[in-house]
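As a plain string of letters, each chain reads:
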Amino acid sequence: MNFLVVLASSRSDGNTAKLSRVIADSLQAHTVDLQNLSISYFDYESRNQSDDFIPLIERIVSSDFVVFATPVYWYSMSAQLKTFFDRFTDLLTINKELGRKLRGMPISVIATGTEPELPLSFTSQFELISGYLGLKYHEPLYCCCPDEFNPQHHQQAIQGYIKKIA
Ligand SMILES: Cc1cc2nc3c(=O)[nH]c(=O)nc-3n(C[C@H](O)[C@H](O)[C@H](O)COP(=O)(O)O)c2cc1C
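Rules used throughout
Residues numbered from 1 in each chain as written. Predicted model: local features only at pLDDT ≥ 70, side-chain atom pairs only at ≥ 80, totals over all residues. Heavy atoms only, no water. Core = buried A, V, L, I, M, F, W, Y, C linked by side-chain atoms within 4.5 Å. Buried < 20%, exposed > 50% of the residue type's maximum accessible area, 1.4 Å probe, protein only. Helix = DSSP H or I, 4+ residues; strand = E, 2+ residues; numbered from the N terminus. Contact = heavy atoms within 4.5 Å. UniProt positions renumbered as here; feature names shortened; annotations may be inferred. Polar contact = N/O pair within 3.5 Å; in protein donor to acceptor, adjacent residues only side chain to side chain. Patch = residues over 30% accessible without salt bridge, like charges linked within 9 Å, V, L, I, M, F, W, Y side chains within 5 Å. Areas by Shrake-Rupley, 256 points an atom, 1.4 Å probe, with all protein chains shown as cover. Salt bridge = Lys/Arg side-chain N within 4 Å of Asp/Glu carboxyl O. Near = heavy atom within 4 Å. 1 Å grid on protein atoms, 1.4 Å probe; cavity = no way out; pocket = protein on both sides within 12 Å on 5 of 7 lines; lining within 4 Å. Points joined across faces, edges and corners; volume = space filled by probe spheres on them. Nonpolar A, V, L, I, M, F, W, Y, C, P; charged D, E, K, R; others polar.

*Asks:* Explain the nonpolar core to me, using residue names and the numbers behind them.
*Replies:* Judged by nonpolar contacts, the single largest core of 32 residues is most densely connected at Ile-60, Phe-68, Leu-81, Phe-84 and Phe-88. Sorting the residues of this core by element identifies strand 1 (3-7), helix 2 (53-61), strand 3 (65-71), helix 3 (79-86), strand 4 (106-113) and helix 6 (120-133) as the ones contributing at least two each. Examining the composition of this core, we find that five residues originate from one element, helix 2, more than from any other. In this structure, Leu-81 is in contact with Ala-8, Leu-34, Phe-68, Thr-70 and Phe-126, ignoring residues within four places of it in sequence.

*Asks:* Explain the UniProt feature "domain: Flavodoxin-like" (unreviewed entry) in the protein to me, and be specific about the residues and the numbers.
*Replies:* This chain's UniProt record puts "domain: Flavodoxin-like" (unreviewed entry) on residues 5-166. Along residues 5-166 the backbone is 40% helical and 17% strand, and the end-to-end C-alpha distance reaches 13 Å.

*Asks:* Can you lay out the side chain of Asp-51 for me, pointing to particular residues and giving the numbers?
*Replies:* Structurally, the position occupied by Asp-51 is in the loop between strand 2 (30-33) and helix 2. Looking at Asp-51, its side chain comes within polar contact range of the main-chain nitrogen of Phe-53, at 3.0 Å. Of the polar contacts made by the side chain of Asp-51, one reaches the side chain of Arg-87; its length is 2.7 Å.

*Asks:* Account for a nonpolar patch on the surface, with residues named and values stated.
*Replies:* On the surface, Tyr-73, Trp-74 and Tyr-75 cluster together into a nonpolar patch covering about 440 Å² of accessible area. Mapped onto the secondary structure, Tyr-75 falls in the loop between strand 3 and helix 3.

*Asks:* Could you give an account of the pattern of salt bridges, naming the residues involved and the relevant values?
*Replies:* The tally for this structure, following the rule as stated, stands at seven salt bridges. Note that Asp-86 is salt-bridged to Lys-82, the shortest N-O span being 2.8 Å. With a gap of four residues between them, Asp-86 and Lys-82 both fall in helix 3, about one helical turn apart. Take Lys-82: its relative accessible area is 35%, and that puts it in the partly exposed class. Overlapping salt bridges, with partners in common, bring together Asp-43, Glu-45 and Arg-47 in one network.

*Asks:* For the site of the ligand, give the residues involved together with the corresponding values.
*Replies:* Taken together, the neighbourhood of the ligand is formed by 15 residues, with Ser-9, Arg-11, Thr-16, Val-72 and Tyr-73 sitting nearest. Asn-15 places a polar main-chain atom, nitrogen or oxygen, 2.8 Å from an oxygen atom of the ligand. Interatomic distance of 3.0 Å between a backbone N/O atom of Thr-114 and an oxygen atom of the ligand. Taking 640 Å² as the accessible area of the ligand by itself, protein coverage stands at 77%.

*Asks:* Explain empty space enclosed by the protein residue by residue, including any values.
*Replies:* In this structure the tally under the stated criterion is one cavity of 30 Å³ or more. As for the largest cavity, its lining consists of Ile-60, Phe-68, Phe-88, Leu-102, Met-105, Ile-107 and Leu-135. The residue makeup of the lining of the largest cavity, split by class, is seven nonpolar, no polar and no charged.

What follows is the structure, encoded as structure tokens:
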């Protein structure tokens, strides 16, 4: 399977990046870091069509499975990922043909945070977005990191996650 990891954190070497590296290595996946791309806010006038959004969607539709990696910021996905999902509106309006190719695409989320559990607000966002877009949403992997991410502390959860999606 051709896996793609989309990293959406405010730091490219932080906890979520470290977790996404472990997952990408296990799945032999390529990683795209949104920090290295230019993806603008949704624009009702569609003046942003030459930014990196459409090339990334093209990369996503040519993958078999997409893993979104985000920290929990204020009970929600990161602003980088939210900005990216806002732009999916373009795929329902001006880029419908490309948008249709997303139907049935399997996706999952890996996340880090400091609270023991993922908040409901976080998980339901992805469930609702997936339902609306017809994405096949797989169970998330959450690693609670009160300090720096240490893969050894999450070995069992990581192995269980990989087993389920690989
Ligand atoms: C702006 C901000 C908001 C945060 N909000 C939450 C939160 O709501 N719940 C939580 O568990 N952790 C929260 N945290 C902690 C981060 O999720 C945690 O430190 C995470 O591992 C950071 O990942 P990163 O290194 O990729 O940024 C927040 C951190 C920041 C910087």
